[in-house]
Amino acid sequence: MIEPILKLENISKSFKSAGHTQTVLENVALQIREGEIVGIRGKSGSGKSTLLNILSATLMADSGKMIFKGQDLHTVTNKERARYRSSCVGYIPQNLYLLDDRNVFNNIALPLQYMKLDKKHIEKRIHSLSSELGIFALLKKEIHMLSGGEKQRVAICRAIIKKSKLLFADEPTGSLDDENEALVLALFRRMQNQGTTLVVATHDDVVVNMCDTTHKLQMR
Ligand SMILES: Nc1ncnc2c1ncn2[C@@H]1O[C@H](COP(=O)(O)OP(=O)(O)OP(=O)(O)O)[C@@H](O)[C@H]1O
Ligand SMILES: [Mg+2]
């Protein structure tokens, strides 16, 4: 059997607030095979975003293993985790995290600047992908001027522009109309065909239907 690209074993996560401890994930096991689209389902509050934060190494689990290329990412150095995030992961977080002090172009350019690509190459890639996502005309706009669906497409563009091995998407179609949803899902499918592995948290049946497997989180 092919080894999964990413494997979670016994992942648990609790949050402490106001003297109370809330367990959100308890002994979650998940195998993500290379090139698959994996759907994460579950009620609001069941821990979908928490799980994607852990998968993208923006949050540490309290216990358990997350094995990528034979290494447990919970035991490697912070520098190695940062390298995983910047070179292997694209992430569309639920709250988007766009930078208000940069315009649309400069938000999308950020990951490519980290990769030290030259200016001409960055411009070419951004023009091409933003056209596909119907946000080319917005490139010079400030983030606060955008509608919810426009912001969502900017966040999608920023996450997929670097063509990462793994893409984590948290409710990526929540603010999109049918036409833009179809556009984004076609892009996801193309990325899959080019070898990207996708994990998508979603309530949307259209998205669930395009997944190769789904994993349902239980409320704790
Ligand atoms: N940083 C945090 N501190 C305290 N509690 C948190 C934190 N992050 C998440 N939680 C709690 O953990 C639970 C799971 O949150 P999470 O955002 O993962 O759920 P979700 O499944 O993504 O929900 P939704 O479908 O509404 O997006 C919620 O009860 C939330 O309040
Ligand atoms: Mg969520």
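In case you missed it, the structure is sitting above this.
Novice: Give a detailed account of the layout of surface pockets, specifying residues and quantitative values.
Specialist: In this structure, the largest pocket encloses a volume near 560 Å³. Breaking the lining of the largest pocket down by element, the ones donating at least two residues are α2 (78-88), β6 (89-92), α3 (104-114) and α5 (148-160). A per-class count over the lining of the largest pocket returns 11 nonpolar, 5 polar and 3 charged. Space inside the second largest pocket adds up to approximately 320 Å³. Together, 14 residues line the second largest pocket, and Leu-129, Ile-160, Lys-163, Arg-190 and Gln-194 are the ones closest to its centre. By residue number, the principal contributor to the lining of the second largest pocket is helix α4 (residues 119-132), which donates 4 residues. For the lining of the second largest pocket, a count of residues per class yields 5 nonpolar, 5 polar and 4 charged.

Novice: Before we move on, can you summarise the sheet that holds β6 with the specific residues and values?
Specialist: Ordered by their spatial adjacency, 5 strands build an open sheet running β6-β7-β8-β3-β9, and the pairing between neighbours is parallel. Looking along the sheet, the strands with just one partner apiece sit at the ends: β6 and β9 (213-216). Shown here is a sheet whose adjacent strand axes are inclined to one another by a mean of 15°, direction ignored. On top of the sheet, helix α1 (residues 48-55) reaches β3 (37-41), β6, β7 (166-170) and β8 (197-201); it is set at about 155° to β7, its chief contact. Seen against the sheet, helix α6 (residues 178-193) touches β3, β6, β7 and β8 and runs at an angle of roughly 155° to β7.

Novice: Tell me what's going on with the coordination of the magnesium ion (ligand 2), and back it up with residues and numbers.
Specialist: Protein coordination at the magnesium ion (ligand 2) comes from Ser-49 (OG) and Gln-94 (OE1), with a distance range of 2.0 to 2.1 Å. Here Gln-94 lies in the loop between β6 and α3 and Ser-49 lies in helix α1, a separation of 45 residues in the sequence.

Novice: Lay out the site of ligand 1 with the relevant residues and their values.
Specialist: Inspection of the region around ligand 1 gives 13 residues, with Gln-22, Ser-44, Gly-45, Lys-48 and Thr-50 positioned closest. The separation between an oxygen atom of ligand 1 and a polar main-chain atom of Gly-47 is 3.0 Å. Taking Ser-49, its side chain carries an N or O atom lying 2.9 Å from an oxygen atom of ligand 1. In the complex, the protein chains occlude 63% of the 640 Å² of accessible area that ligand 1 would expose alone. Among the elements of the structure, β2 (20-32) and α1 are those that each provide at least two residues to the shell around ligand 1. When residues in the shell around ligand 1 are grouped by element, the largest group, 3 residues, is from α1. Each residue belonging to the shell around ligand 1 can be placed in one class, and the counts come to 2 nonpolar, 9 polar and 2 charged.

Novice: For the pattern of salt bridges, give the residues involved together with the corresponding values.
Specialist: Applying the stated rule across the entire model yields 5 salt bridges. Salt-bridge contacts for Lys-7 lead to Glu-9; the nearest nitrogen and oxygen are separated by 3.8 Å. A relative accessible area of 21% means that Lys-7 is categorised as partly exposed. On the accessibility criterion, Glu-9 (27% relative accessible area) is partly exposed.

Novice: Can you tell me about α6, naming the residues and giving the values?
Specialist: Its 16 residues place the ends of α6 22 Å apart at the C-alpha level, agreeing with the 22 Å of an ideal helix rising 1.5 Å per residue. Among the residues making up α6, those that are buried are Asn-180, Glu-181, Val-184, Leu-185, Leu-187, Phe-188, Met-191 and Gln-192. Looking straight down α6, one finds its buried side chains confined to an arc of 155°; they lie on one side. Turned more than 90 degrees from where α6 packs its buried face, Asp-178, Glu-179 and Asn-193 sit exposed. Backbone geometry just after α6 places Gly-195 at a positive phi near 110°.

Conventions we followed
- Throughout this description, residue numbers start from 1 for each chain and increase along the sequence as written.
- Chain letters and ligand numbers both follow the written order, the letters beginning at A and the numbers at 1.
- In view of the model being predicted, local features appear only for residues whose pLDDT reaches at least 70, and side-chain atom pairs are presented and counted only at 80 or more, with totals across whole chains, interfaces and linings using the full set of residues.
- Computation of side-chain values covers all heavy atoms of the structure but excludes hydrogens and water.
- As defined here, a cavity is a set of points on a 1 Å grid over the protein atoms alone where a 1.4 Å probe fits but cannot get out. A pocket is an open set with protein on both sides within 12 Å along at least five of seven lines, and residues line them when an atom is within 4 Å of a point.
- Grid points are joined across faces, edges and corners, and a volume is the space filled by probe spheres set on the points.
- Helix and strand definitions here come from DSSP, where helices need a minimum of 4 consecutive H or I residues and strands a minimum of 2 consecutive E residues; each element is numbered from the N-terminal end.
- When residues are sorted by character, Ala, Val, Leu, Ile, Met, Phe, Trp, Tyr, Cys and Pro go into the nonpolar class, Asp, Glu, Lys and Arg into the charged class, and all the rest, Gly among them, into the polar class.
- DSSP calls a pair of strands paired once it identifies at least 2 bridges connecting them.
- Each axis is a line fitted through C-alpha atoms, and for a helix only the stretch in contact is used; angles between axes span 0 to 180 degrees, taken between their N-to-C directions.
- Whether two residues touch is decided by their heavy atoms; if any such pair falls within 4.5 Å, the residues are in contact.
- A 2.8 Å cut-off from the metal defines N, O and S donors, relaxed to 3.2 Å for Na, K and Ca; water is not in the atom list, so some sites may appear incomplete.
- Only a single heavy atom is needed: when it lies within 4 Å of a molecule or strand, its residue is near that molecule or strand.
- Two N or O atoms form a polar contact when they lie within 3.5 Å of each other; inside protein one atom must be a possible hydrogen donor and the other a possible acceptor, and for residues adjacent in sequence the pair counts only when both atoms belong to side chains.
- Each accessible area is a Shrake-Rupley estimate made with a 1.4 Å probe; only the visible protein chains count as cover when residues are assessed.
- Salt bridges are defined as contacts in which a side-chain nitrogen from Lys or Arg sits within 4 Å of a carboxyl oxygen from Asp or Glu.
- Buried means the residue's accessible area, taken with a 1.4 Å probe over protein chains only, is under 20% of the maximum for its type, while exposed means over 50%, and partly exposed covers the values in between.
- Here the expected span of a helix is defined as 1.5 Å times the quantity of residues minus one.
- The directions from the helix axis to the C-beta atoms are what the arc is built from.

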